[in-house]
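# Understanding the architecture of this molecule
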Amino acid sequence: MSFFGFGQSAEIEIYLDGQESRKTAEVKTEDGKKERLLLYYDGETVSGKVNISLKKPGSKLEHQGIKIEFIGQIEMFYDRGNHHEFISLVKELARPGDMIAHTSYPFEFSCVEKPFEVYTGANVRLRYYLKVTIIRRLADIVKELDIAVHTLSSYPEMNNSIKMEVGIEDCLHIEFEYNKSKYHLKDVIVGKIYFLLVRIKIKHMEIAIIKKETTGTGPNTFTENETIAKYEIMDGAPVRGESIPIRVFLAGYELTPTMRDINKKFSVRYFLNLVLMDTEDRRYFKQQEITLWRKVRKPNLQSPAILAGTQTLENTAPQEDDQEKTEPAQKEDFLRAPNSQSNDKLNASDPFDQRISSPTESPPESQIQNMTREAGDGQNDPENTE
């Protein structure tokens, strides 16, 4: 852009070593579009050269120095004027002087730490980029180049299954089980639902993968829920003793690894949401958190620096999660929303006294976990009838 006759008199090109053969990754931009960026891992060296060419042959470019920076940055969309840099490395390419011809400057950031994965969400963006600046008296000439970074994890030593019994008061008791609590991004969720008691008319049941993004702290905390996938696992009314299989392939969905308290700025967590709807269009749900991780790909990781940067998955999840999932299946009651009433309860007897044996027996003294009724989900709620 020219301003009062002054404009950029030079063009900057950043070339990365081995970019013709390096793998790329698809990264979502802030406007929702996607672009392919060169892919790096934690501990890898970022090197290449900066080519600067003059727009007018025979002209001269006066500058106060040329530098290149490697920056890791978190940007909150509600606070755009304040960027949080967790990595900031600077290399001087040239001292103040005059440039009279095309010049190339090599650079190298050796064994750069890249602790977090690139991410663009509803309220936050984490990016890594190279920034070249030609310092001038009137206006600097700047060029940026983004790169993609993936975090890798080794296979978790402990990966217990998830088992739980849930119910809607004394009308419906089911037991659901997922084969694991931690899944890699190309994994398959395998599970089953076993019906112990059915006293309401169920229309259908579905399972959804929910991404929950939490940004900020205190009064500036924002939570955004996004349904990544929805999978109907049953249509129609089941009977007591029925077993419904679950099989969800994760490879086809846009998922990231679970991110917990990234630089104390944001978190990204995933949940399996079991939803059932009765014939009166009342919806009940029960959420269970799962951990997603990006596994090591051995053929692509021969560098000791990359392997040294591989994270141990056991350290990324709260310890209490593993302790809870090693216990036997729990029982909970489904709860209605606070503003709804329930006329579904048929009697006060314990339905588990007459239940048939289930694949995994639970201690009789444990309580049944509650499923939550979605508020305003149907037209036939008792309070809406005339």
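Residues numbered from 1 in each chain as written. Predicted model: local features only at pLDDT ≥ 70, side-chain atom pairs only at ≥ 80, totals over all residues. Heavy atoms only, no water.

## As for the overall build of the protein chain
Within the protein chain, the regular secondary structure consists of two helices and 27 strands. Residues counted as buried form 48% of the 386 residues belonging to the protein chain. Partitioning the contacts of the protein chain with sequence separation of at least 6, the portion at a separation of at least 24 is 73%. When the accessible surface of the protein chain is totalled, it reaches about 20,000 Å², and 46% of it is carbon and sulfur. (Helix = DSSP H or I, 4+ residues; strand = E, 2+ residues; numbered from the N terminus. Buried < 20%, exposed > 50% of the residue type's maximum accessible area, 1.4 Å probe, protein only. Contact = heavy atoms within 4.5 Å. Areas by Shrake-Rupley, 256 points an atom, 1.4 Å probe, with all protein chains shown as cover.)

## Examining the pattern of salt bridges
Going through the model one piece at a time under the given rule, you end up with 17 salt bridges. Between Lys60 and Asp98 there is a salt bridge, with its nearest N and O atoms 3.9 Å apart. Of the two residues, Lys60 is situated in the loop between strand S4 (46-54) and strand S5 (61-63) and Asp98 in strand S8 (residues 97-99); the sequence distance between them amounts to 38 residues. Residue classification places Lys60 among the partly exposed residues on the basis of a relative accessible area of 49%. What makes Asp98 partly exposed here is its relative accessible area of 48%. Note that Arg127 is salt-bridged to Asp146, the shortest N-O span being 2.8 Å. Here Arg127, found in strand S11 (residues 124-134), pairs with Asp146, found in strand S12 (residues 141-150); they are 19 residues apart in sequence, far enough to count as distant. Grouping residues by exposure puts Arg127 and Asp146 together as buried. Salt bridges linked by common partners bring Arg125, Arg127, Glu144 and Asp146 together as one network. (Salt bridge = Lys/Arg side-chain N within 4 Å of Asp/Glu carboxyl O.)

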